[in-house]
Amino acid sequence: MQGSSMHGAGSVIGSSRMEHSYVVLPKQRNQGPGIPPRGRGVSAQPDASQFGKAMEESFVVLPPPAASVYKCEPTSDGAGTNVPSPDGGPQNAPTQPNNSGFHSTITVLKRAFDIASTQTQIEQPLCLECMRVLSDKLDKEVEDVNRDIQAYEACLQRLEGEARNVLSEADFLKEKLKIEEEERKLEAAIEETEKQCAVVTAELKELELKSSRFKELEERYWQEFNNFQFQLISHQEERDAILAKTEVSQAHLELLKKTNVLNDAFPIWYDGEFGTINNFRLGRLPKIPVEWDEINAAWGQACLLLHTMAQHFRPKFQYRIKILPMGSYPRIMDTNNNTYELFGPVNLFWSTRYDKAMTLFLTCLKEFADFANSKDRENNIRPDKCFKLPYKIDNDKVESYSITQSFNKQENWTKALKYTLCNLKWVLYWFVGNTNFQPLSATVSSQAEVPAAGSLYSKQPTNPKFQS
C-alpha cells in the first residue's frame, strides 16, 4: 500500500481531479502486529489538506485501471462504495466498521496489494527492511533532482543577467541583405561545383573505361609475354642442347682427327721371333709351325696397307708393280701384267711363284720408299733427315736375309719377313706425317718403340726384337 501510494497512488493524488473509486476499510484504532510501520516521508493515507475535507475512514485509492474493477456509485452522503458480497452479488458497503466480514476484508486487502505490485513492479506488501532501502533510494533520487534544479536555476539567472545586444531595424536589414548575398554566392558556388562535379564524373567514367581497356591490354600483354618467355626458354633449351651436341661432336671430331686410322687398322707389332700385323703372325719355325691360313691373312693385311698408301699418291707415284689385295688370297702383278699368288700352302722345294710374289712385294715397297725420299728432298728437308728404310732392301733380300722360301731355312725366312714388316711400319709413319692424317700420338709412338718424328728417317730402329 505504501509502494502504491509512492508510485501509482501518488500520481493519482497529485492530479487535478480525484477518482471517486476507492474501498472503505474498517477503522482500526490499534495497529496489528503484521502491519509494518509507516516509512519516513511516505503516507499510507491521503492527507486531508490534499482533498479539501477531512475523512475519518481508512481507505485505499486505486489507479484508474484498478478502479475500473470496482464500479463506485457514490451514496447520497458521498461516503459509501459498492463492495462485492461474499456470495458474488453487489452489496452496499456502509462506512460502519462491522458491516462486512473478515473474509471480505482480507479479499480487498489482497486485491489492493496485487494492484500495487502490478503498478510498482515491487512485490507487495513490503517488509520493513525493503521499505527502508526503497525509502533511502528515493531520498537520494530526490536530492539529485533538487541539485539539478538548483543548477538549472543558476544557469537561468546567469543568462537573464547577461546584457543583450538587440539590433536595430536598419542593422537587421543590412545583416539580412549581407546574409542573402552570401547565400546567393554560396548557391552560385554550389552550382559551379555541381557543374565541375558533373564534368569530373564524366571524366572519371571515361578514365574508368580507359582503365578497363588498359587492364585488358595489360592482361593481353602479360599473356603474350608469358607465351614469348615460354617460347624463348624452349628455344634456349633447344639451342643449349644443340650446342652441347655440337661440342660433343666437335670433341669427337678432334679425337678422330688425332686418331691414326691406318695404325689402328693395321697395327704392326711382334710376337717373339714373329712379326705380326693385326695379330697375324708372318713366318714359320720348326718348333712353332704357324698355319698357312694365318700366314695368308697376314700377307693380305700387308698388301692392303701398301696398296692403300700407293693409291693415295697416284699419279705422282709410278705404281708399276700393282698389288691386288683380295683378303687372304692376295696377288701381285708385275710390269708385264703377269700375276703371282701370294698365298700358300706351298712346297718348301717348289715355291717359285710364291717367291716371285714376295720379291715383287719387296720391290714395290722399295719403290715407295724411294718416292718418299724424293718427296722429302722436294720439301727441302736435310739429306740426313730424309726418309730411308731402316733395313736395306736389295732385290729379294732384306739386309742379309732372303725372303724366298725355296732352299731357305725357316728361321732366315721368318727373320726376313719380320724386317719387311718393320720397313712397312716406317713407311706407314712417313705416310701419316706427310698426308692429311695427324701425327701419331705418344701412345702409338711408345708402342712402336721408334725414334721421334725429327729423327724418324735418319736412324735405324733400336728395338732389339727387330734385329738379329
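The structure displayed is predicted, hence computed values, not measured ones. (Residues numbered from 1 in each chain as written. Predicted model: local features only at pLDDT ≥ 70, side-chain atom pairs only at ≥ 80, totals over all residues. Heavy atoms only, no water.)

## Remarks on the overall build of the chain
Consideration 1: Of regular secondary structure, the chain possesses twelve helices and 13 strands.
Consideration 2: Counting only contacts in the chain whose residues sit at least 6 apart along the sequence, the fraction spanning at least 24 positions is 62%. (Helix = DSSP H or I, 4+ residues; strand = E, 2+ residues; numbered from the N terminus. Contact = heavy atoms within 4.5 Å.)

## Comments concerning the nonpolar core
Consideration 1: Ranked by internal contacts, the top residues of the largest apolar core, which has 58 residues, are Trp-299, Leu-306, Met-309, Phe-368 and Leu-424.
Consideration 2: Taken together, the elements giving at least two residues each to this core come down to β6 (274–277), α9 (292–312), α10 (352–378) and α11 (410–433).
Consideration 3: For this core, the leading source of residues is α11, giving 13 residues.
Consideration 4: Apart from the residues within four sequence positions on either side, Leu-424 is in contact with Ile-268, Ala-302, Leu-305, Leu-306, Met-309 and Leu-365. (Core = buried A, V, L, I, M, F, W, Y, C linked by side-chain atoms within 4.5 Å. Buried < 20%, exposed > 50% of the residue type's maximum accessible area, 1.4 Å probe, protein only.)

## Comments concerning the packing of aromatic side chains
Consideration 1: Under the definition given, this model contains 19 aromatic pairs.
Consideration 2: Each ring, one from Phe-313 and one from Trp-430, has its centre 5.6 Å from the other, and the planes form 40°; the classification is tilted. Here the residue Phe-313 occupies a position in the loop between α9 and β8 (322–324), and Trp-430 occupies one in helix α11, the gap between them amounting to 117 residues. As far as the burial class goes, Phe-313 and Trp-430 line up, both buried.
Consideration 3: Linked through ring pairs, Phe-313, Phe-317, Tyr-319, Phe-368, Phe-371, Phe-387, Trp-430 and Phe-431 together constitute an aromatic cluster.
Consideration 4: It is Arg-281 that lies over the ring of Phe-274; its NZ or CZ is 5.6 Å from the centre. (Phe/Tyr/Trp six-rings, centres within 6.5 Å; stacked < 30°, edge-to-face > 60°. Lys NZ or Arg CZ within 6 Å of the ring centre and 35° of its normal.)

## Let's talk about the state of the cysteines
Consideration 1: Tallying each qualifying case throughout the model produces zero disulfides.
Consideration 2: A disulfide-free cysteine, Cys-127 has its sulfur positioned 3.1 Å from the sulfur of Cys-130, the nearest such atom. (Disulfide = S-S within 2.5 Å.)

## Focus: the sheet that holds β6
Consideration 1: With antiparallel pairing, three strands are arranged side by side in an open sheet as β5-β6-β7. The open sheet has two edge strands, β5 (268–271) and β7 (280–282), and neither has a second partner. The mean angle between the axes of side-by-side strands here comes to 40°, regardless of whether they run parallel or antiparallel.
Consideration 2: As paired elements, β6 and β7 share three bridges and run antiparallel to each other. Considered in β7, the bridge of Gly-275 is made with Leu-282.
Consideration 3: The strands that α9 touches are β5, β6 and β7; relative to β7, the one it contacts most, it runs at about 90°.
Consideration 4: Contacts from α11 reach β5, β6 and β7 within the one sheet, and its direction differs from that of β6 by about 40°. (Pairing = 2+ DSSP bridges. Axes fitted to C-alpha atoms, helices over the stretch in contact; angles between N-to-C directions.)

## Observations concerning the sheet that holds β8
Consideration 1: Taking strand neighbours across the sheet as the criterion, the three strands line up as β8-β9-β10 in an open arrangement whose pairing is antiparallel. In this open sheet, the two edge strands, each paired with only one partner strand, are β8 and β10 (339–341). Taking the axes of each pair of neighbouring strands and ignoring which way they run, one obtains an average angle of 25° across the sheet.
Consideration 2: Here three bridges tie β8 to strand β9 (residues 331–333), and the two strands are oriented antiparallel to one another. Bridge pairing in β9 places Lys-322 opposite Met-333.
Consideration 3: Along the sheet, α10 contacts β8, β9 and β10; its crossing angle with β10, the most-contacted strand, is approximately 110°.

## Concerning a nonpolar patch on the surface
Consideration 1: Nonpolar side chains collect at one region of the surface, where Leu-167, Phe-172 and Leu-173 lie side by side and expose about 300 Å² of accessible area between them.
Consideration 2: As for its placement among the helices and strands, Phe-172 is situated in helix α7 (residues 169–257).
Consideration 3: Among the residues examined, Phe-172 registers a relative accessible area of 45% and is labelled partly exposed. (Patch = residues over 30% accessible without salt bridge, like charges linked within 9 Å, V, L, I, M, F, W, Y side chains within 5 Å. Areas by Shrake-Rupley, 256 points an atom, 1.4 Å probe, with all protein chains shown as cover. Salt bridge = Lys/Arg side-chain N within 4 Å of Asp/Glu carboxyl O.)

## Quick look at the side chain of Arg-284
Consideration 1: Summarising the element assignment, Arg-284 is placed in the loop between β7 and α9.
Consideration 2: Look at Arg-284: it is buried, it has no salt bridge, and the nearest opposite charge is Glu-291 at 5.9 Å.
Consideration 3: In this structure Arg-284 touches Phe-274, Pro-289, Val-290, Glu-291, Trp-292, Ile-295, Gln-410, Trp-413 and Thr-414, once residues within four positions along its chain are discounted. (Lys, Arg positive; Asp, Glu negative; His and termini not counted.)

## Things to note about the confidence of the model for the chain
Consideration 1: Overall, the prediction assigns the chain a mean pLDDT of 76, with 71% of residues at 70 or greater.
Consideration 2: Counted against residues more than four places away or in other chains, residues 65–99, with its pLDDT under 50, gives 48 contacts.
Consideration 3: The low-confidence segment residues 438–468 (pLDDT under 50) makes 69 contacts with residues lying over four places distant or belonging to another chain. (pLDDT = per-residue confidence, 0-100.)

## Focus on the packing of α9 against α11
Consideration 1: Packing of α9 against α11 brings their axes to within 11 Å, and their N-to-C directions diverge by 30°. Here α9 lies roughly parallel to α11, going by the angle between them. At the point where α9 passes α11, the crossing takes the left-handed sense. Along its contact with α9, which presents Trp-292, Trp-299, Ala-302, Leu-305, Leu-306, Met-309 and His-312, the element α11 presents Trp-413, Leu-417, Leu-421, Leu-424, Val-427, Leu-428 and Phe-431.
Consideration 2: Classifying every residue of the contact of α9 with α11 gives 13 nonpolar, one polar and no charged. (Parallel < 35°, antiparallel > 145°, perpendicular 65-115°, else oblique. Left-handed = near helix turned anticlockwise from the far one by under 90°. Nonpolar A, V, L, I, M, F, W, Y, C, P; charged D, E, K, R; others polar.)

## With respect to α9
Consideration 1: Here α9 spans 30 Å end to end across 21 residues, near enough to the 30 Å set by a 1.5 Å rise per residue.
Consideration 2: Within α9, 15 of the 21 residues are buried, which leaves the element mostly enclosed by the surrounding structure. (Expected span 1.5 Å × (residues − 1).)

## Observations concerning the pattern of salt bridges
Consideration 1: What the rule picks out here adds up to ten salt bridges.
Consideration 2: The partner of Arg-147 in a salt bridge is Asp-144, with the nearest N and O atoms 2.1 Å apart. With Arg-147 and Asp-144 both in helix α6 (residues 128–161), this residue pair falls three residues apart, about one helical turn.
Consideration 3: In this structure Arg-147 comes out as partly exposed when scored by relative accessible area, which is 48%.

## Description of unusual backbone geometry
Consideration 1: A cis amide bond links Arg-314 to the next residue, Pro-315, at an omega of 5°.
Consideration 2: With respect to the element layout, Pro-315 can be found in the loop between α9 and β8.
Consideration 3: At the junction of Gly-344 and Pro-345, the peptide bond is cis and its omega measures out at 5° in the coordinates.
Consideration 4: Locating Pro-345 in the fold gives a position in the loop between β10 and α10.
Consideration 5: The phi dihedral of Asn-395 is positive, around 55°, even though this residue is not glycine.
Consideration 6: As for its position among the elements, Asn-395 is in the loop between β11 (393–394) and β12 (397–398).
Consideration 7: The backbone of Phe-407 sits at a positive phi, close to 50°, despite the residue not being glycine.
Consideration 8: Of note, Phe-407 is situated in the loop between β13 (401–402) and α11.

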